[in-house]
Amino acid sequence: MTRLAKWYMQFDDDEKQKLIEEVHAVVTVRDAKHTNFVEFRNFKIIYRRYAGLYFCICVDVTDNNLAYLEGIHNFVEVLNEYFHNVCELDLVFNFYKVYTVVDEMFLAGEIRETSQTKVLKQLLMLQSLE
Amino acid sequence: MPAVSKGDGMRGLAVFISDIRNCKSKEAEIKRINKELANIRSKFKGDKALDGYSKKKYVCKLLFIFLLGHDIDFGHMEAVNLLSSNKYTEKQIGYLFISVLVNSNSELIRLINNAIKNDLSSRNPTFMCLALHCIANVGSREMAEAFASEIPRILVAGDTMDSVKQSAALCLLRLYKTSPDLVLMGEWTSRVVHLLNDQHMGVVTAAISLITCLSQKNPDEFKTCVSLAVSRLSRIVSSASTDLQDYTYYFVPAPWLSCKLLRLLQCYPPPEDGAVKGRLVECLETILNKAQEPPKSKKVQHSNAKNAILFEAISLIIHYDSEPNLLVRACNQLGQFLQHRETNLRYLALESMCTLASSEFSHEAVKTHIETVINALKTERDVSVRQRAADLLYAMCDRSNAKQIVAEMLSYLETADYSIREEMVLKVAILAEKYAVDYSWYVDTILNLIRIAGDYVSEEVWYRVIQIVINRDDVQGYAAKTVFEALQAPACHENMVKVGGYILGEFGNLIAGDPRSSPLVQFNLLHSKFHLCSVPTRALLLSAYIKFINLFPETKATIQEVLRCDSQIRNSDVELQQRAVEYLKLSSIASTDVLATVLEEMPPFPERESSILAKLKKKKGPGAVSVTELEDSKREGGELNGGGDRGPDTSAMSASNAVSRHSVTSNLSYVFQSTPSPSADLLGIRSSAPAGTAPASAGNLLVDVFSEAGPAAPSAAVNDDGFLRFVCKNNGVLFENQLLQIGIKSEYRQNLGRMYLFYGNKTSVQFASFTTSVSCPGELQSHILSLNVQTKQVEPLVEGGAQIQQVLNIECLTDFSDAPLLNIKFRYGGALQNLTLKLPVTINKFFQPTEMSSHDFFQRWKQLSQPQQEAQKIFKANHSMDTEVLKAKLLGLGTALLDNVDPNPENYVCAGVIQTKGQQVGCLLRLEPNAQAQMYRLTLRCSKDSVSRRLCELLAEQF
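Remember, predicted model here, so these are calculated numbers, not experimental data.

What counts and how
Residues numbered from 1 in each chain as written. Chains lettered and ligands numbered in written order. Predicted model: local features only at pLDDT ≥ 70, side-chain atom pairs only at ≥ 80, totals over all residues. Heavy atoms only, no water. Helix = DSSP H or I, 4+ residues; strand = E, 2+ residues; numbered from the N terminus. Buried < 20%, exposed > 50% of the residue type's maximum accessible area, 1.4 Å probe, protein only. Contact = heavy atoms within 4.5 Å. Areas by Shrake-Rupley, 256 points an atom, 1.4 Å probe, with all protein chains shown as cover. 1 Å grid on protein atoms, 1.4 Å probe; cavity = no way out; pocket = protein on both sides within 12 Å on 5 of 7 lines; lining within 4 Å. Points joined across faces, edges and corners; volume = space filled by probe spheres on them. Pairing = 2+ DSSP bridges. Salt bridge = Lys/Arg side-chain N within 4 Å of Asp/Glu carboxyl O. Axes fitted to C-alpha atoms, helices over the stretch in contact; angles between N-to-C directions. Parallel < 35°, antiparallel > 145°, perpendicular 65-115°, else oblique. Nonpolar A, V, L, I, M, F, W, Y, C, P; charged D, E, K, R; others polar. Buried area = accessible area lost by both parts, 1.4 Å probe. Core = buried A, V, L, I, M, F, W, Y, C linked by side-chain atoms within 4.5 Å. Phe/Tyr/Trp six-rings, centres within 6.5 Å; stacked < 30°, edge-to-face > 60°. Lys NZ or Arg CZ within 6 Å of the ring centre and 35° of its normal. Polar contact = N/O pair within 3.5 Å; in protein donor to acceptor, adjacent residues only side chain to side chain. pLDDT = per-residue confidence, 0-100. Patch = residues over 30% accessible without salt bridge, like charges linked within 9 Å, V, L, I, M, F, W, Y side chains within 5 Å. Lys, Arg positive; Asp, Glu negative; His and termini not counted. Charge placed at Lys NZ, Arg CZ, Asp CG, Glu CD.

## Some points on the overall build of chain B
Piece 1. Looking only at helices and strands, one finds 42 helices and 17 strands in chain B.
Piece 2. Burial statistics for chain B: of 959 residues in total, 57% are counted as buried.
Piece 3. Counted over contacts in chain B with a minimum sequence separation of 6, partners at least 24 positions apart contribute 69%.
Piece 4. Counting only carbon and sulfur atoms, one obtains 50% of the accessible surface of chain B, whose full area is about 40800 Å².

## Observations regarding empty space enclosed by the protein
Piece 1. Using the criterion set out here, one finds four cavities of 30 Å³ or more in the structure.
Piece 2. Approximately 190 Å³ is the volume found for the largest cavity.
Piece 3. Thr100(A), Asp103(A), Gln92(B), Leu130(B) and His133(B) are, among the 18 residues lining the largest cavity, the residues nearest its centre.
Piece 4. Secondary structure elements with two or more residues in the lining of the largest cavity: helix 4 (95-105) and helix 5 (116-128) of chain A together with helix 5 (88-101) and helix 7 (125-138) of chain B.

## Thoughts on the pairing of strand 5 (residues 740-749) of chain B
Residues and elements named next belong to chain B.
Piece 1. In terms of burial, strand 5 is a largely internal element, eight of the 10 residues being buried.
Piece 2. Of the strand pairs in this sheet, strand 4 (residues 732-736) and strand 5 are connected by four bridges, and their pairing is antiparallel. The partner of glutamate 736 across the bridge, within strand 5, is glutamine 741.
Piece 3. What sits between strand 4 and strand 5 in their antiparallel hairpin is a turn of three residues.
Piece 4. The hairpin formed by strand 5 and strand 6 (residues 752-761) contains two residues between the paired strands, and glutamine 750 there has a positive phi angle of roughly 55°.

## Quick look at the pattern of salt bridges
Two side chains of opposite charge can pair, provided their charged atoms sit close to one another.
Piece 1. Counted by the stated rule, this structure contains 49 salt bridges over all chains.
Piece 2. For the salt bridge of Arg516(B) with Asp514(B), the shortest nitrogen-to-oxygen distance reads 2.9 Å.
Piece 3. For Arg516(B), a relative accessible area of 65% puts it in the exposed group.
Piece 4. For Asp514(B), a relative accessible area of 28% gives the class partly exposed.
Piece 5. The network of salt bridges with common partners includes Glu39(A), Arg388(B), Asp391(B), Glu423(B) and Lys427(B).

## A few points about the packing of helix 21 (residues 383-396) of chain B against helix 23 (residues 418-434) of chain B
Residue and element names in this part refer to chain B.
Piece 1. Interaxial distance between helix 21 and helix 23 falls to 11 Å at its minimum, and their mutual angle equals 10°. Taken together, the axes of helix 21 and helix 23 are roughly parallel relative to one another. Contact with helix 21, carried on its side by Val383, Gln387, Ala390, Asp391 and Tyr394, involves Ser419, Ile420, Glu423, Met424, Lys427, Ile430 and Leu431 of helix 23 and no other residues of that element.
Piece 2. Class assignment of the residues belonging to the contact of helix 21 with helix 23 gives a composition of seven nonpolar, two polar and three charged.

## Observations regarding the interface of chain A and chain B
Piece 1. Between chain A and chain B, the contact holds 61 residues from the first and 72 residues from the second.
Piece 2. Between chain A and chain B, roughly 5900 Å² of surface is buried when both sides are summed, and carbon and sulfur atoms account for 55% of that area.
Piece 3. Three residues stand out in chain A for area buried against chain B, namely Phe93(A), Tyr96(A) and Arg112(A), and they jointly supply 12% of the buried area on that side.
Piece 4. At the boundary of chain A with chain B, the tally comes to seven salt bridges.
Piece 5. Residue Lys118(A) pairs with Asp246(B) through a salt bridge whose shortest N-O separation is 3.5 Å.

## Some remarks on the sheet that holds strand 1 (residues 37-40) of chain A
Residues and elements named next belong to chain A.
Piece 1. Here three strands make up an open sheet; going across it, the order is 1-2-3 and the pairing antiparallel. Because the sheet does not close on itself, it has two edges, and the strands there are strand 1 and strand 3 (53-60). Strand after strand, the sheet turns through a mean of 30° between neighbouring axes, direction not considered.
Piece 2. Judged from the four bridges that link them, strand 1 and strand 2 (residues 43-50) form a sheet pairing that is antiparallel. Note on strand 2: the bridge partner recorded for valine 38 is isoleucine 45.
Piece 3. Most of the contacts of helix 1 (residues 13-28) go to strand 1, to which it runs at about 140°, and overall it touches strand 1, strand 2 and strand 3.

## Observations regarding the nonpolar core
Residues and elements named next belong to chain B.
Piece 1. If you look at the biggest cluster of nonpolar residues, it comprises 238 residues, and the most contacted ones within it are Ile116 and Leu449.
Piece 2. In terms of residue count, helix 16 (residues 300-320) provides more of this core than any other element does, 11 residues in total.
Piece 3. Those residues within four positions of isoleucine 116 in sequence are excluded, and the remaining contacts are Tyr95, Ala131, Cys134, Ile135, Met143 and Phe147.
Piece 4. Counting residues in hydrophobic clusters, the runner-up holds 62 residues, among them Cys728, Ile744, Leu835 and Phe847.

## A word on the layout of surface pockets
Piece 1. As a volume, the second largest pocket reaches approximately 1400 Å³.
Piece 2. Taken together, 44 residues make up the lining of the second largest pocket; nearest its centre are Trp7(A), Gln17(A), Ile20(A), Phe66(B) and Leu67(B).
Piece 3. Secondary-structure elements contributing two or more residues to the lining of the second largest pocket are helix 1, helix 3 (88-93) and helix 4 of chain A together with helix 1 (11-22), helix 2 (26-45), helix 3 (52-67), helix 5 and helix 7 of chain B.
Piece 4. The greatest single-element share of the lining of the second largest pocket, amounting to seven residues, is contributed by helix 1 of chain A.
Piece 5. Across the lining of the second largest pocket, the residue classes break down as 21 nonpolar, 11 polar and 12 charged.

## Observations regarding the environment of Leu551(B)
Residue and element names in this part refer to chain B.
Piece 1. Tracing the sequence through the fold places leucine 551 in helix 29 (residues 535-551).
Piece 2. Distance from leucine 551 to proline 519, taken between C-alpha atoms, is 8.8 Å for residues 32 residues apart in sequence.
Piece 3. Those residues within four positions of leucine 551 in sequence are excluded, and the remaining contacts are Leu504, Gly505, Glu506, Gly508 and Asn509.

## Description of the packing of aromatic side chains
All names here are of chain B.
Piece 1. Applying the stated criterion across every chain yields a total of 33 aromatic pairs over all chains.
Piece 2. Here phenylalanine 857 and tryptophan 861 contribute two aromatic rings whose centre-to-centre distance is 5.8 Å and whose plane-to-plane angle is 20°, an arrangement assigned as stacked. A residue pair is termed a helical-turn pair when its members lie 3 or 4 positions apart in one helix, as phenylalanine 857 and tryptophan 861 do in helix 40 (residues 854-863) at four residues.
Piece 3. Looking at phenylalanine 857, the relative accessible area reads 0%, which means it is buried.
Piece 4. Cluster of aromatic residues (ring-pair linked, three or more members): Phe523, Phe530, Tyr545, Phe548 and Phe552.
Piece 5. Positioned above the aromatic ring of phenylalanine 726, the side-chain terminus of lysine 729 is 5.1 Å from the ring centre.
Piece 6. The ring of tyrosine 756 carries lysine 745 above its face, with NZ or CZ at 5.9 Å from the centroid.

## A few points about the side chain of Asp119(B)
All names here are of chain B.
Piece 1. Along the chain, aspartate 119 turns up in helix 6 (residues 108-120).
Piece 2. Side chain to side chain, aspartate 119 and tyrosine 95 meet in a polar contact 2.7 Å long.
Piece 3. Contact partners of aspartate 119, with chain neighbours within four places excluded, come to Leu83, Lys91, Tyr95, Phe127, Met128 and Ala131.

## Comments concerning the confidence of the model for chain B
All names here are of chain B.
Piece 1. Per-residue confidence for chain B averages 83 on the pLDDT scale, and 86% of its residues sit at or above 70.
Piece 2. Of all the helices and strands in chain B, helix 37 (residues 678-682) carries the lowest mean pLDDT, 29, while helix 14 (residues 255-265) carries the highest, 98.
Piece 3. Contacts for the low-pLDDT stretch residues 1-7, under 50 throughout, to residues beyond four places or in other chains number 22 contacts.
Piece 4. Confidence drops under pLDDT 50 across residues 786-791; counting only partners more than four residues distant or on other chains, this segment forms nine contacts.
Piece 5. In the predicted complex, the global pTM is 0.67; the interface-specific ipTM is 0.98.

## Describing a negative patch on the surface
Piece 1. The grouping of Asp12(A), Asp13(A), Asp14(A) and Asp71(B) at the surface amounts to a negative patch.
Piece 2. Note that Asp12(A) resides in the segment before helix 1.

## Things to note about unusual backbone geometry
Piece 1. The backbone of Asn85(A) shows a phi angle near 55°, a positive value even though the residue is not glycine.
Piece 2. Examined against the element boundaries, Asn85(A) turns out to sit in the loop between helix 2 (65-82) and helix 3.
Piece 3. Note on Asn85(A): relative accessible area 62%, which makes it exposed.
Piece 4. Even without being glycine, Phe251(B) reaches a positive phi, approximately 70°.
Piece 5. Note on placement: Phe251(B) falls in the loop between strand 1 (248-249) and strand 2 (252-253).

## Thoughts on the side chain of Arg421(B)
Piece 1. Looking at the element boundaries, Arg421(B) is found in helix 23.
Piece 2. Setting aside residues no more than four positions away along its own chain, Arg421(B) makes contact with Leu413(B), Glu414(B), Thr415(B), Ala416(B) and Tyr456(B).

This is how it looks when you write it as structure tokens:
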């Protein structure tokens, strides 16, 4: 089950669905002793598992693996702070807010902001708006 | 700290989501969704105007339903309305709906653009960011047209808020990536570079992605970024772990920004300015030093962030490839990681070391880790790590360690994962060839390869071993002996049979002295495998048998018996049947001299790049095989000693000898002999089977296809490039471009002809509306009749990679000079392709050869003495004047080549009768070469003057 997907390249809906299924198949078979990286088509997927949730980023093969791996963790820490001990349900019920968090931290497929303090301050400010 | 409670703000939404989650079945969920859709539809259609809150709530519900995987076909207008709300939460939902649902081509884009324009000029940073994020997420061309000039202004304006600058930079990046032509460089570009100096680290982080992308495309315009990046990096690297506060991540200062700065520097060569370079080297040293310091935290986040920078720094060091000291230090650092307990680090170290191995400064340092890497290949649990280990072994291989590495890779192959076997096989084959000092080792290695992983040994690999054995006579006897032994195994791989058949057929004589491998033993051994093999292998074996008859006359009776048996001579496979029949006939009627000529040993292959290497490159995609590998193979080219390849997917060894046609039909096309083989026609065996060379074009096909197919180019001009090549031959490739290959195969008898046209789609895309028509211009209409063209119309669709066939029946009513035209139309990716070709139907095709004595010839020659009956031309030789070539051409013409007729043995005389429906035209031909002057004199005398003229025209172009 995919809770949220964000696309930075053009795909039609069928292609998106196919990609989601492929990513799922590639990532979920791997065990904890494996690397957090897996080749995927002409790209690579960098992923990290938190309880039952996988966070995956698909990047160019030349991109820096560890930087994106920590990019995921940084994002997860922001979610955790924002939702006060985030759990999967928070992401389900507040899916539209999660998109906002993503856009604050990643835009156009690139890292936009890495400071947790700055992101949370901005999210808090938006939260206060009507 | 902020907190969010479940679904606050929109209670109805939370209830709906709960309902969906409580559904016990898919049906229940669909029912609930349909109910909700009906409800929302009625609200949107209702008379009562909805307030912003309700609109937001319903649009959000629709979005949720869409994300569950259901189609949404309404609500777009309501979402667009939300954009003009002045409440953030409403606007946000509107933008979100659009970003997720709106297809970039949608009509709605124009309406949206209006709202975006308002928000961009609102001076409200929150609204500006929403609008910029929407553009960055949708990234359509319409948006680029509308905003590509506005966004740079926002980005560099002095009064723009930091958060807006961040969004604007990345928004511009997206537009540049989707529509680079619309983002014009200008005065803003230099100011963008200076964002590297911005106080706000977030702005630098966002801007540097834009700058990196722009620098890659316009390096000169942005080169000032180098010194700015170095000084920024230097400030970060030398800062204490707490200096950067918000941007310190687990005690590592600004890890992401550091990585991006190091990445930006990889767009450029090392800085020329000594001071800048010194500062940069200092940074790189500091990063390497920090890797040795005790960690400030035990958390993996700390080490990951630190190592992210380290790996990026190593990439830069490798990119510069000019600092031996740094390269060796990098290598040592990676060596430590090879044994790290974290799988990620072992993986990345192997990957990074692979590039280090290609630097001359660090190649030796990398080699010291060979044992660790071999161990990784054997023990790593994650196949992707083992794969990297194999890559690294391949990269660090040189003459000193080749035997060890190849042996390790071979032993690994026995248990290797299926997913990487093929690549491993290619690598072993390449290394074995590249570093073979002693070719018996090479042969052993390849035969082992076939034994261990036969299924993964591609054609290229076994072609190659044969090419090499053929080209090196010092290994031929050993190869024959080894393959003979390998074939003793009761179950051996079909590829082994192929190699065995070929090598024994060529060099079986070298081991025939030993009674244990006498000719009959060899033959029986090969033939014992015959019935288990596929058709192409059987075809190859049949060719080996005929070669045996030549090598060992004592096997002739046994082999003829095999050829004669029903399962061969009446085989349902045309190729096998034809070979059996032809070989049987050949062995019965040809003299030993002729046999020896036809079946002589294959000539050496021309030296070229290994086809295996080409295959590996193709497999891994461009750039994946390091450049040094190519250089290596050039550097060591002298020792390659191998043969060449004649295109990656043709039967490389079948080209030069018409009889040993080990045909392997290529995947794409029906391939033909491109030059008529002198011996083929002598023996009356027209090459009617797929054989020979096909142009290799896979490499840049994709690019070329697009450049060709860009604007539709209906080419109405008649293409007659191929026409003249077919005067003296009947089969071959008539036409070929990036999309289409047209092959023809034709046969003529008396005044009738049949032509098979093969249309091969070379692309992976379907051709639509494929139609062909044949027309006979002018008076030709009444001279040639083309029947059946309409009844045998081709299929309108030609799938990618497919080939279709069309048959054309031709009847020659009277003599003619023009050629029929073939028009082909089809759609490729929407563009109409239109092509007209001259079909190579020429008057000489209807020749019947006439044998006659010298006396008869000159008597008739004198009878045809009226001036208009003779046509003569003196011309310069355009092609080889080699006797065999000339003979082959004259035979291809269709006439009889008469020996001992002309008093001058250098001259050629031919005789034939052209058969038309109404009459027969007798023709005599004399060709007098003058080798010294490189000239010819061609004389034709025919009973009909128009035929003399036409034949003279046609033939003058052939020599």
